[in-house]
Structure formats: structure tokens, C-alpha cells
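What the coordinates show
Below, each chain spelled out in residue letters.
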Amino acid sequence: VQLQASGGGLVQAGGCLRLSCAASGRTFSSYTFSSYGMGWFRQAPGKEREFVAGISWSGGSTYYADSVKGRFTISRDNAKNTIYLQMNSLKPEDTAVYYCAARPAAGVARLQDQYDYWGQGTLVTVSS
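Residues numbered from 1 in each chain as written. Predicted model: local features only at pLDDT ≥ 70, side-chain atom pairs only at ≥ 80, totals over all residues. Heavy atoms only, no water.

1. Description of the overall build of the chain
Across its full length, the chain carries one helix and 11 strands. For the chain, the sequential pattern of α-helices and β-strands runs β-β-β-α-β-β-β-β-β-β-β-β. Relative to the 2.2 N^0.38 estimate, which gives 14 Å for 128 residues, the radius of gyration of the chain is 14 Å and therefore close to what a compact globule would have. Along the first, second and third principal axes, the C-alpha set of the chain runs to 45 × 25 × 25 Å. For the chain, the proportion of contacts with a sequence separation of at least 24, taken over those separated by at least 6, is 60%. When the accessible area of the chain is evaluated, it comes to approximately 6400 Å², of which 46% is carbon and sulfur surface. Seen as two clouds, the 12 positive and the 8 negative side-chain charges of the chain have centres 5 Å apart. (Helix = DSSP H or I, 4+ residues; strand = E, 2+ residues; numbered from the N terminus. Rg over C-alpha atoms; globule rule 2.2 N^0.38 Å. Contact = heavy atoms within 4.5 Å. Areas by Shrake-Rupley, 256 points an atom, 1.4 Å probe, with all protein chains shown as cover. Lys, Arg positive; Asp, Glu negative; His and termini not counted. Charge placed at Lys NZ, Arg CZ, Asp CG, Glu CD.)

Given below as C-alpha cells:
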């Protein structure tokens, strides 16, 4: 299983970015991507990794950390084996490496140990 996150970069406070995470590999061919719950996590410098957003297999259920609620939107395109994180009204405190993760279960989850597969991360830097 491979999760490839992309879309990070440098943006000014108040700006927006859209992260993508593409899934590939033999596991997804036999146990299709649409069977996996997916999530985004982030790790800021000197801090522990934290949950950002999660989405169910169908996209019908989502869950957000309080710190991003109303500003970030998680979505998925099962035909493309890809999830997205639309980030609006970015703040300097959103600066972090963002990771996508997959779990072989249909529902939404916010705990790291509920996820089996992790991407390599993409850096988001928000300047003030």
C-alpha cells in the first residue's frame, strides 16, 4: 500500500491550499479503496502528531478537529483512489507536515492507532 500526499507549500495567512493523497498498491486492488476509511493528520515542529479530519468509505460521514472545523474540508474521489483536504483561511498555527492515513474499515476514526497505512507527508507553511 502506498499513500502519496501532495499539494503542500508556502502560503500567507488567510490563504488556501488543497492537499491530495493518492492511494496505490496491491492491497487497494483486492480490497478496494472505497472500503477504506481515510484521514488527515499533522505534526507541527516540536509537537506530537494530531488528528485533523477523517472521512468514511463513501464520503457520507466526516469528522474534524475543533481547530480546523469550518475552515478545512475533507473529501474523496473513489474513482481516482484519492482523498483531498481543502484548507481555507489558513493560520500560522496550521504550519505542519500533513499526513494522510488509511484504515481497512468503513467508518470515520480520529485516533492514530486506528489507521494501518500512512503516507510520507507534505509540508504546509503559513506565513504571518
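2. Digging into the side chain of Arg 103
Inspection of the secondary structure assignment puts Arg 103 in strand β9 (residues 96–103). This buried residue, Arg 103, is left without a salt bridge; Asp 116 holds the nearest opposite charge, at 7.2 Å. Reaching out from Arg 103, the side chain makes a polar contact with the backbone oxygen of Gly 107 at a distance of 2.8 Å. In contact with Arg 103, not counting residues within four places along its chain, are Ser 35, Tyr 36, Gly 37, Val 108, Ala 109, Gln 114, Tyr 115 and Asp 116. (Buried < 20%, exposed > 50% of the residue type's maximum accessible area, 1.4 Å probe, protein only. Salt bridge = Lys/Arg side-chain N within 4 Å of Asp/Glu carboxyl O. Polar contact = N/O pair within 3.5 Å; in protein donor to acceptor, adjacent residues only side chain to side chain.)

3. Observations concerning unusual backbone geometry
Of note, Asn 81 is a non-glycine position whose phi angle comes to about 55°, a positive value. With respect to the helices, strands and loops of the structure, Asn 81 is situated in the loop between β7 (72–77) and β8 (82–87). Not every positive phi belongs to a glycine, and Ser 89 is a case in point at roughly 50°. Within the secondary structure, Ser 89 sits in the loop between β8 and β9.

4. Remarks on the sheet that holds strand β3 (residues 17–24)
One open sheet accounts for four strands, arranged β1-β3-β8-β7; its pairing is antiparallel. With partners counted over all chains shown, the strands left at the sheet margins are β1 (2–6) and β7, one partner each. Across this sheet, the average inter-strand angle for adjacent strands is 15°, counted without regard to direction. Two elements, β3 and β8, share six bridges in a ladder whose sense is antiparallel. Note on β8: the bridge partner recorded for Ala 22 is Thr 82. (Pairing = 2+ DSSP bridges. Axes fitted to C-alpha atoms, helices over the stretch in contact; angles between N-to-C directions.)

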